[in-house]
Amino acid sequence: MVKLMVVENIIEGAKKVLNLTKESLKNVENKEVGYKGTNYNLPLIYGLLGKKVKDINELRELINSLEIKEEKTLENALDAGVVTLICAEALEALKYATEEQPYKEPYVGFIPDETLRSLGVPLVEGKIPAILVVIGKVGDKEKLKKLINDIRKRNILTLFVGEIIKEMDEAGIEYGFDKLLIPLGETITSAAHAANLAIRAPLIFGGIEPGKTEEIIDYIKNRVPAVVIALGDIDDITLSAGAGCIKAGIPVITNNPVPTIEGALESSDIENIVENALKMKGIEVKVTEFDIPVSVGPMNEGERVRGPDMYVELAGPKSYGCEVVLVKDNVEDGVEIIGKDLDEMEEKGRYPFAIIVEVSGEKLEKDLEGVLERRVHEFLNYIEGVMHLNQRDQIWIRINKNSFNKGLRLKHIGYVIQKLFKEHFPIIEKCKVTIVTDENKVKEILEEARKIYAERDAKARKLRDEDVDVFYGCVMCQSFAPTHVCIITPDRPSLCGSISYLDARAAAKIDPNGPIFEVPKGELIDEKLGIYSGVNDVVKEKSQGAIEEVSLHSALVNPCTSCGCFEAIVFYIPEVDGFGVVHRNFRGETPYGLPFSSLAGQCSGGKQVPGFVGIAIEYMRSPKFLQGDGGWERIVWLPKELKERVKDAIPKDLYDKIATEEDVSNTDELINFLKKKGHPVMKKEETEEIEKTKEEIEKVKKVKEEKEGIDIGEAILDIAKERGIQIIMKNVKIIINLNVKKP
Ligand code: SF4
């Protein structure tokens, strides 16, 4: 009976929204529609229906074509729910098309692709274990506080819709992107921005084409850790939107009595709703309690301590200090403070500061020191009211007044660091943390630490692919990109930029059953391209046979797969037979006329696409950077910001010959620029080899002309037999590259 009522309400709600949307679109002047900052137009509509709606006329036509089936079945109700979501997106699109500022602070509305991409790594690493969409109203200040506390201590990315945002304001609860608490909007249609975020995950990270509805839903169901929490009185429309979410693969939990559909629709008391929501997706989050006066956890990581809120500053540009991790033989657990503690310091004062973390354990090695040391930054930022910037002898720490007033002292900081190290790295058996604020002692430690850093750097910089017997692989992103395998070598850091060779080595040692593992190099098949038999074996196995061979140092010949969280993408520009590289934060267009997100869409999702490859920016500093394709001599375009960032790695004679967005805006201008500057790709045009290639292309054309309707494969067979070929797909153009070595 209850089930039937719910079904009726969902269908009623969907009808109301459909009528409202039709009315809203009536007589509206035609205008372009689409959100800024996305490659997916109106993602919900584009993803679910495969239709790119360009303007209001097309949107109206689409909405007028939607129907709701009257028969009161669960299936029809869920379909009606999808209609509600589509209508919500249409109403939002209308708002964006007709209003100058559709969302005013604190509401954010549409979330761009760039933000979603930046969440890729923390989501796959599990640092952000889930995404919650909280809709409605709590109606009780204490319950609200508990709910937000439950969310924050688990570091869950949460999108809020409805009155709850005002309730948070009234309760003095802070929110924002830095806290992972995002106020989408006041009205229920804002929920479309939560749904369109979820829909973009399979498109961006899974490489699934828009319109492949079943695959998209399957991906969301199995790989996107999102749950809707619907609170307070739920009207027909909200119920109907919830049904749409369920159909799209996002379960709903509510504090209202509803008929249970296990794993899809459940009820819970508000006190346990967060935990129960996570259970619906099989997510368990371990929450560590710390016996100190302030909170500790990744939720505090984005916190800033500005001048007026600062109690004291430790180390930093106007003082000095350092941090160092040392692997030793016999360490006793403990925390020691040498010098003044916070309550002995003057407010607004600046003090020298050093932190030494000594660790011991049977499986620990000296080489792991640098990797462990980088975690000091993260762990210090876990502490509420502590801001830690930079690393090594550049550290800069601020403690805010609030936390000091709550009772935070250096001994607490030492205790947190010790506990987090032991908890995160089970191979650490003993850990001693020494915090020093005594001027002379800090100076002494700093001198010693600088020697240690220099030794470590010299060792790491010297390391090349040929110096090691094993590389490392990472499949962490397979939760989003099922065939993606990262191969991490001394010359090629992970494409997300967060795992260097030494990091991977440490991670594999620390957690031998984790997502990072050893890859024996095997036989070297092609030195220039960086092809190894051992790497191929592993890639084939871990990609479930989807990828047979990868070149570590080529974007053209069997490049490595790309997931979705790469820092930059290398893309082939056939008009000049060169490459551009564009990084994630570049908001403009490449000479192709496409932004980063469109290019990224070409190869993400674990695909191997010759001509496109995701990379870490650090890889551009490697002497092996794209060596299989000619290295820096083939780079013709970079965004200005990226060019500055890797300036030291660009050969001096090439620097001025590489164009940026300030020099060119399309391929014609690029050709002129490169000719004028005498870029090597232009000189290459004149070489004998290219002439030969041209002759061969002519040969293909001639054969084609002579034999109308010829199968192109047949025509190029001779050349293929002779030299081998590679076909590069770029949008709808087919380019035949005849300059590829025959395997
Ligand atoms: S190393 Fe590769 S697979 Fe692992 S998290 Fe980074 S991008 Fe994903």
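The rules we used
- Residues numbered from 1 in each chain as written.
- Predicted model: local features only at pLDDT ≥ 70, side-chain atom pairs only at ≥ 80, totals over all residues.
- Pairing = 2+ DSSP bridges.
- Helix = DSSP H or I, 4+ residues; strand = E, 2+ residues; numbered from the N terminus.
- Axes fitted to C-alpha atoms, helices over the stretch in contact; angles between N-to-C directions.
- Buried ≥ 20, exposed ≤ 12 C-beta atoms within 10 Å, placed from the backbone.
- Right-handed = clockwise from strand over helix to strand, strands pointing away.
- Near = placed C-beta within 6 Å.
- Nonpolar A, V, L, I, M, F, W, Y, C, P; charged D, E, K, R; others polar.
- pLDDT = per-residue confidence, 0-100.
- Contact = placed C-beta atoms within 7 Å.
- Arc of directions from axis to C-beta.
- Domains from an automatic or database assignment.
- Parallel < 35°, antiparallel > 145°, perpendicular 65-115°, else oblique.
- Left-handed = near helix turned anticlockwise from the far one by under 90°.
- Core = buried A, V, L, I, M, F, W, Y, C linked by C-beta atoms within 7 Å.

J.: How do you make sense of the sheet that holds strand β17 (residues 516–520) when you look at a structure like this?
T.: Strand pairing in a sheet relies on backbone hydrogen bonds. The paired strands run either parallel or antiparallel. An order of β16-β15-β17 is seen for the three strands of this open sheet, with the pairing classed as antiparallel. Looking along the sheet, the strands with just one partner apiece sit at the ends: β16 (486–488) and β17. Between one strand axis and the next, the sheet turns through 35° on average, direction left out of account. Bridge count for strand β15 (residues 470–474) against β17 is five bridges, and the pairing is antiparallel. Bridge assignment links F471 to a residue of β17, and that residue is V519.

J.: What is the right way to read the pairing of strand β3 (residues 181–185) from this model?
T.: In regular strands, side chains alternate between the two faces of the sheet. Burial analysis of β3 places five of its five residues in the buried class, the great majority of the element. Where strand β2 (residues 157–161) and β3 come together, four bridges link them in parallel fashion. Opposite T158, over in β3, you have L181 as the bridge partner. Note that the unit made of β2, helix α8 (residues 164–170) and β3 has a crossover that is right-handed.

J.: Honestly, the site of the ligand in this entry has me stumped. Any pointers?
T.: For the ligand, the set of nearby residues contains 14 residues, the closest of which are C474, C477, C486, S494 and C496. Taken together, the residues that form the shell around the ligand break down as twelve nonpolar, two polar and no charged.

J.: Is there a simple way to explain the confidence of the model for the protein in this structure?
T.: Close reading of the predicted structure is inappropriate where its pLDDT is low. Of all residues in the protein, 91% have pLDDT values of 70 or greater, and the mean over the chain is 89. Overall, residues 699–743 carries pLDDT values under 50, and its contacts beyond four positions in sequence, including any with other chains, amount to 45 contacts.

J.: Got a minute to help me understand the sheet that holds β3 in this structure?
T.: Spatially, the six strands line up as an open sheet ordered β3-β2-β1-β4-β5-β6, and their pairing is parallel. Each edge of the open sheet is held by one strand with a lone partner, namely β3 and β6 (265–267). Taken over all neighbouring pairs, the strand axes of this sheet differ in orientation by 20° on average, direction set aside.

J.: Looking at this structure, how should I read helix α12 (residues 273–280)?
T.: Three or four residues apart is the spacing at which side chains of an α-helix point the same way, because the helix has 3.6 residues per turn. Residues of α12 that are buried: I273, V274, A277, L278 and M280. Down the axis of α12, the buried set is contained in an arc of 150°. They therefore lie on one face. Packed against the buried residues of α12 are β1 (131–136), α7 (141–152), β4 (226–231), β5 (252–254) and β6. Two residues or fewer past α12, G282 is found with a positive phi of approximately 65°.

J.: Where do I start with the domain arrangement of the protein in this structure?
T.: It is common to report an interface's size as the accessible area lost on association of the parts. According to the domain assignment, the protein consists of domain 1 (2–280), domain 2 (298–457), domain 3 (465–677) and domain 4 (688–737). Taking only C-alpha atoms into account, the centre of domain 2 sits 35 Å from that of domain 3. Counting from both sides, the interface comprises seven residues of domain 2 and, opposite them, five residues of domain 3.

J.: Looking at this structure, how should I read the environment of N57?
T.: As for its position among the elements, N57 is in helix α3 (residues 56–64). A sequence separation of 31 residues divides N57 from K26, and the C-alpha atoms of the two residues are 9.6 Å apart.

J.: How do you make sense of the packing of helix α13 (residues 369–381) against helix α15 (residues 410–424) when you look at a structure like this?
T.: Angle between the axes and distance between the axes are the two parameters that describe a pair of packed helices. Where α13 meets α15, the axes come as close as 10 Å, and the angle between the chain directions of the two elements is 120°. The pairing of α13 with α15 is recorded here as oblique in orientation. For the crossing formed where α13 meets α15, the hand is right-handed. Facing R375, V376 and F379 of α13, the residues of α15 in contact are V416, I417, L420 and H424. Looking at the contact of α13 with α15, its residues break down into five nonpolar, one polar and one charged.

J.: Help me understand the nonpolar core in this model?
T.: A general tendency of soluble globular proteins is for nonpolar side chains to be buried together. Among the nonpolar cores identified, the biggest contains 227 residues, and A198, I487 and V636 are the most heavily contacted of them. Sorting elements by how many residues they give to this core places helix α4 (residues 74–98) first, with 13 residues. Beyond its immediate sequence surroundings of up to four residues, V636 is in contact with I573, V576, G578, F579, G580, I658, A659, L670, L674, H679 and V681.

J.: It is not clear to me how unusual backbone geometry should be interpreted in this structure. Could you clarify?
T.: Where the residue is not glycine, phi is negative for most of them; where a peptide bond is considered, it is trans in most cases. Here the bond from E105 into P106 is cis, since omega is 5°, no more than 30 degrees from zero. For P106, the location among the structural elements is in the loop between α4 and α5 (113–118). A positive phi is found at N41, a non-glycine position, where the angle reads about 55°. Tracing the backbone through its elements, the reader meets N41 in the loop between α1 (2–25) and α2 (43–49). Notably, D577 is not glycine yet its phi reads approximately 55°, a positive angle. When you line up the elements, D577 lands in the loop between β20 (568–573) and β21 (578–583).

J.: How do you make sense of the environment of T238 when you look at a structure like this?
T.: As for its placement among the helices and strands, T238 is situated in helix α11 (residues 236–247). Along the sequence, T238 and L529 sit 291 residues apart, while their C-alpha atoms lie 55 Å from each other. T238 has contacts with I135, I188 and A230, leaving out every residue within four places of it along the chain.

J.: Just to check I follow, could you spell out the packing of α4 against helix α9 (residues 191–204) for this structure?
T.: Running from N to C, α4 and α9 cross one another at 110°; their axes reach a closest spacing of 9 Å. With respect to their mutual orientation, α4 and α9 come out roughly perpendicular. Remark: the crossing between α4 and α9 carries left-handed chirality. Packed against α4, whose contacting residues are L85, A88, E89 and E92, the element α9 presents A191, A192, H193, A195 and N196 at the interface. For the contact of α4 with α9, the per-class residue count stands at five nonpolar, two polar and two charged.

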